[in-house]
Every structure is written in structure tokens, then in C-alpha cells.
Amino acid sequence: MFRVVLIVGVAMIPVILLAVVIDPLAGAILFGIEIGAGIGFLYQRYRAVEPRAAEVAAVPDDGVHRVLVVANETVGGRALLEALQARLEGESRSELLVVCPPLAGSAAEHWSSDIDSAIPEAKERLEASLATMRAAGIDVSGRLGDHHDPNQAIEDALKVFPADEVVISTHPPKRSRWLESGVIEKARAELPQPVTHVVVDLEDESAEPR
Amino acid sequence: MESASISAGAHAHEHHGPPEAHQSSRIDRQTLGILLFIVSEIMLFGAFFASYFFIRVVANQGAWPPDPYELPVAVAGVNTAILISSSFTIHLALEGAKKGNRNAMKMGLTATWLLGLTFLFIQINEYVHIGFSARDGAFGSIFYGLTGLHGAHVFVGLLLLTFANIRAYKGHFGTAAKDHLGVEVPGIYWHFVDVMWIVVFVTVYIL
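Residues numbered from 1 in each chain as written. Chains lettered and ligands numbered in written order. Predicted model: local features only at pLDDT ≥ 70, side-chain atom pairs only at ≥ 80, totals over all residues.

A. Quick look at the pairing of strand E2 (residues 94-100) of chain A. All names here are of chain A. Here 6 bridges tie strand E1 (residues 65-70) to E2, and the two strands are oriented parallel to one another. Looking at E2, one finds that Val67 is bridged to Leu96. Once the chain exits E1 it traverses helix H3 (residues 78-88) before rejoining the sheet at E2, and the crossover so formed is right-handed. Relative to strand E3 (residues 140-144), E2 runs parallel, the two being bridged by 5 bridges. (Pairing = 2+ DSSP bridges. Helix = DSSP H or I, 4+ residues; strand = E, 2+ residues; numbered from the N terminus. Right-handed = clockwise from strand over helix to strand, strands pointing away.)

Written out as C-alpha cells, the structure reads:
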């Protein structure tokens, strides 16, 4: 609570300066802005989030090992391919579904759903990656996902694809927006399936000789 | 039948009154109680601020404060500094209680009490010399209503601090979290009173 006094005290200094030096109305406007920002901050900081479970299709007991792979820019990464090959080793029958949510270039594009350019790029990456996986002998299909929320894309896919496990591929920490927004933690909290996180460093892979 | 009554009697001996309330491990009851109380207080102040802005912006025609009234901004500014200082002293008291530094705790509580009393004395003195009363139109009513509401809160805070001071000088309060709630809870209330004053000061005297 002492911090609140300090924050409010410091926040009032520019309000008082504006009101005294320029105009009380200017101070009042800044005061209003600060109150709005404060309420917004408190809402974001303390809003309760109900723990929820994702609605997914029941996994059939038919002997087929199904893996849902979620990746965007890292969909063609070598580390992901190697991780998938390792997972499917020893499985007599397996199915893979790769979901590739198109990623908007900026926050403005994201919120205005301006993904016209992102869709063909994601499609191209997905096709290339599917071709590589099929060449490696993996039975795989693919689709684009919800661009707004990777977790929503996962849940959408799991409604029609009863996967035994989920693999999420991202850039390394500090470069991954998905990691920053807690996609992995949320998936682990909401999904009944085990969730594996594969880190693909495309910069390292492009530097390494194949 | 006999064994049943013996068993019931033994149970009653162990637990007087209703069962212990369920408590989250994240916050103790007393702190939660004062925080919820503060939320209700914010709503109360909100109602007064709504009245203030309605009178000033919607109902008022012309200058604010209306002629010939003037508000003693400098005196209120000094009073603001006094009240903000008291937030530092109550913080010092709480830190002292947490770390087992009884002198810091007692000094902080006493200083806070004295600063609060000074604030209240200056405010009453301001009322005496301000030149208008609560009966002088809507402006007078809302001015006294808003600053008086805050003054009443300072008075209540002073009462809480009086008890905290008495207990501190009698050797109460320890370093464990549950043992210094008597400092922490009045401290939270006092910080709230300070925050509200900053807002009241800026709104009524500056803007």
C-alpha cells in the first residue's frame, strides 16, 4: 500500500505542474488519463482467470498414434523434423497433423485481422514442410490455424483430430512471441494431452552445413 | 445413548462456536477485511467526487471557486506534505515491526500519530479561517463535504493509530506476520487516507 502512495504522489506531480503552469483543464485531462491508465493496469494485473479445460475430441483406442504439431515460422525447422522422427520411431501406425497459424507482422495487423499477406506465406511454409516430412516417410497432413491465438488453433484442431500428444514448435526464448505470451504454459494447463515444446533456432540451422 | 452424549460433549469442549472459516493461504482475514473495507470506502469517496464534479462542471456557471471565495492552496499544500510524510513514517513503523526493531516501530507509530494530528489541526484551523461555511451554497457544501469526509477518515485513522501506539509501548507486536497485524492493518488504512487526500487536494485545490 505504501507503494500506492508513492505512485499516486509521483503521478500527481505532472498534474499539479500542468494545472499550475499551463491550465487547470490540461491538468484535469492528464488526471483523467492517469486514472484511466491506472484502472486499466489494475484490471490487467488483477483480473481473475478461470482455469479451464480445452474441449477436445476423445482419443480412440485404435492403435494409431496421433501427434498434433503446431508451428508457424519454425514449421520447416530441422530440429522439429528430428524431434518428430524420434517420437514416431517404433510406432507401427501413426498420423500427424501440422497446424500452422499465420502470424501477423505487427500488433496493428494482428488486432485488425490484417493477415492477407501472412496467409500465403504460412501456406507456403506449411507445404514445404509437409513435403519434407512426407519425404522422410511421415504420414502427415496440414492446415492453417487461428491467427489470433495459437492456443485456440490447437483447441480447434483437437476437436477434429484426437491427438495422443501435442508438439509445439517455437523460436528460442527472447525471439519467440508465443513463449512471451505463455502459449506453452496455457496449453499444458488446458489440454489433457501431454505437450512437448521443441525449440527451433532457424539462425543456427541456416548457419550449419547440412 | 450415553456414549453419544459424552462424545458430543467432548466435541463441544474442543470447538467453541462455528468451525474455523476457510482461509486462502494467500492473504490473511484481517488484511482481506481492511482491503474490502477500503474498496467500499473508494465507492463512498467516488460518490462525493461525482457530486463535486457535477456541481463544478454541470451545475456551476462561471468561475470556480465562485467569487468571492478563495481556497488556501499553500496551506493545503503544506498539509499534503505532512500527510505524505506520515505514509513514510508508518512504513518505517511496519518495517521496524517486521524486522524486530521495536524502536523504529514505536518511533514510526508516534511520528505518524503526531503528523496525523497536525494535519487534522491545520485542517480545522483552515475551516475556521476560510471565510465560508457549508451553508454557503453548493460550493461550500461540497467543499466541506469532501474535505470533511476525508477529515473524518483521518480522525478514525488516528484512533486506530492510538491503539497501535498503546500496544507498541506495552510491548505487543512481533516479527511474525500474524503478530504485527495491529500495525499493518492500521497502516494500510492510513496509506489509503493519504492516497485519498492526494486526490482530494489535487481535485479541490489545484484543478
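So that's the structure; there's more coming.
B. Representation of the sheet that holds strand E5 (residues 195-199) of chain A in the model. Residues and elements named next belong to chain A. Strand order across the open sheet formed by 5 strands is E3-E2-E1-E4-E5, with parallel pairing between neighbours. Lying at the two open borders of the sheet, with one neighbouring strand each, are E3 and E5. Averaged over all neighbouring strand pairs, the angle between strand axes comes to 20°, with direction disregarded. As judged from the 4 bridges shared by E1 and strand E4 (residues 165-170), these two strands associate in the parallel manner. By the bridge assignment, Leu68 is partnered in E4 with Val166. Of the strands in this sheet, E2 and E3 touch helix H5 (residues 118-135), which is tilted by about 175° from E3. (Axes fitted to C-alpha atoms, helices over the stretch in contact; angles between N-to-C directions. Contact = placed C-beta atoms within 7 Å.)

C. Focus on unusual backbone geometry. Trp64(B) connects to Pro65(B) through a cis peptide bond whose omega is 0°. As for its placement among the helices and strands, Pro65(B) is situated in the loop between helix H2 (29-59) and helix H3 (73-99). For the bond from Asp67(B) to Pro68(B), the omega torsion is 5°, close enough to zero to count as cis. Relative to the assigned elements, Pro68(B) resides in the loop between H2 and H3. One non-glycine residue, Lys174(A), adopts positive backbone phi at about 80°. The residue Lys174(A) is located in the loop between E4 and helix H7 (177-180) in this model.

D. Just the interface of chain A and chain B, in detail. Between chain A and chain B, the contact holds 15 residues from the first and 12 residues from the second. Sorting the residues of the side of chain A that touches chain B by element identifies helix H1 (2-22) and helix H2 (24-46) of chain A as the ones contributing at least two each. At 10 residues, H1(A) tops the list of elements feeding residues into the side of chain A that touches chain B. Broken down by class, the residue content of the side of chain A that touches chain B amounts to 13 nonpolar, 2 polar and no charged. (Nonpolar A, V, L, I, M, F, W, Y, C, P; charged D, E, K, R; others polar.)

E. The environment of Asp146(A), seen in detail. Residues and elements named next belong to chain A. In this fold, Asp146 is placed in the loop between E3 and helix H6 (150-160). For Asp146, a count of 16 C-beta atoms within 10 Å translates into the label partly exposed. The spatial distance from the C-alpha of Asp146 to the C-alpha of Ala157 is 9.7 Å, given a sequence separation of 11 residues. Among residues more than four places away in sequence, those in contact with Asp146 are Pro101, Gln152, Ala153 and Asp156. (Buried ≥ 20, exposed ≤ 12 C-beta atoms within 10 Å, placed from the backbone.)

F. Representation of the packing of helix H5 (residues 137-169) of chain B against helix H6 (residues 181-206) of chain B. Residue and element names in this part refer to chain B. Put simply, H5 and H6 touch, their axes get as near as 10 Å, and they point 160° apart. For the element pair H5 / H6, the angle class is roughly antiparallel. Helix-helix and strand crossings are classified by hand; for H5 and H6 the assignment is left-handed. Side by side, H5 and H6 meet where Phe143, Leu146, Thr147, His150, His153, Val154, Gly157, Leu160, Leu161, Ala164 and Arg167 of the first sit next to Gly182, Val183, Pro186, Tyr189, Trp190, Val193, Met196, Trp197, Val200 and Val204 of the second. Looking at side-chain class alone, the contact of H5 with H6 contains 15 nonpolar, 5 polar and 1 charged residues. (Parallel < 35°, antiparallel > 145°, perpendicular 65-115°, else oblique. Left-handed = near helix turned anticlockwise from the far one by under 90°.)

G. Broad picture of the nonpolar core. Counting residues in each nonpolar core, the largest one holds 48 residues, and the members touching the most others are Val15(A), Leu109(B), Val183(B), Phe201(B) and Val202(B). For this core, the leading source of residues is H6(B), giving 16 residues. Aside from chain neighbours lying at most four places away, what touches Leu109(B) is Ala93(B), Leu161(B), Ala164(B), Asn165(B), Ala168(B) and Val183(B). One finds Leu80(A), Leu81(A), Val166(A) and Trp178(A) within the second-largest nonpolar core, a separate group that totals 32 residues. (Core = buried A, V, L, I, M, F, W, Y, C linked by C-beta atoms within 7 Å.)

H. Up close: the confidence of the model for chain B. Residues and elements named next belong to chain B. Averaged over chain B, the pLDDT score is 85; the fraction of residues at 70 or greater is 87%. When mean pLDDT is taken per element in chain B, helix H4 (residues 102-129) scores highest with 93 and helix H1 (residues 2-14) scores lowest with 45. Confidence over residues 1-13 falls short of pLDDT 50; this stretch has 0 contacts with residues more than four positions distant or in other chains. What the predictor reports for the complex is a pTM of 0.58 with an ipTM of 0.70. (pLDDT = per-residue confidence, 0-100.)

I. Quick peek at the packing of H2(B) against H5(B). Residue and element names in this part refer to chain B. Direction vectors running N to C along H2 and H5 enclose 155°, while the axes themselves pass 10 Å from each other. Relative to H5, the element H2 is oriented roughly antiparallel. Remark: the crossing between H2 and H5 carries left-handed chirality. The segment H2 lies against H5, with Phe45, Phe48, Ser51, Tyr52, Ile55 and Ala59 engaging Ala138, Phe139, Ile142, Gly145, Leu146 and Leu149.

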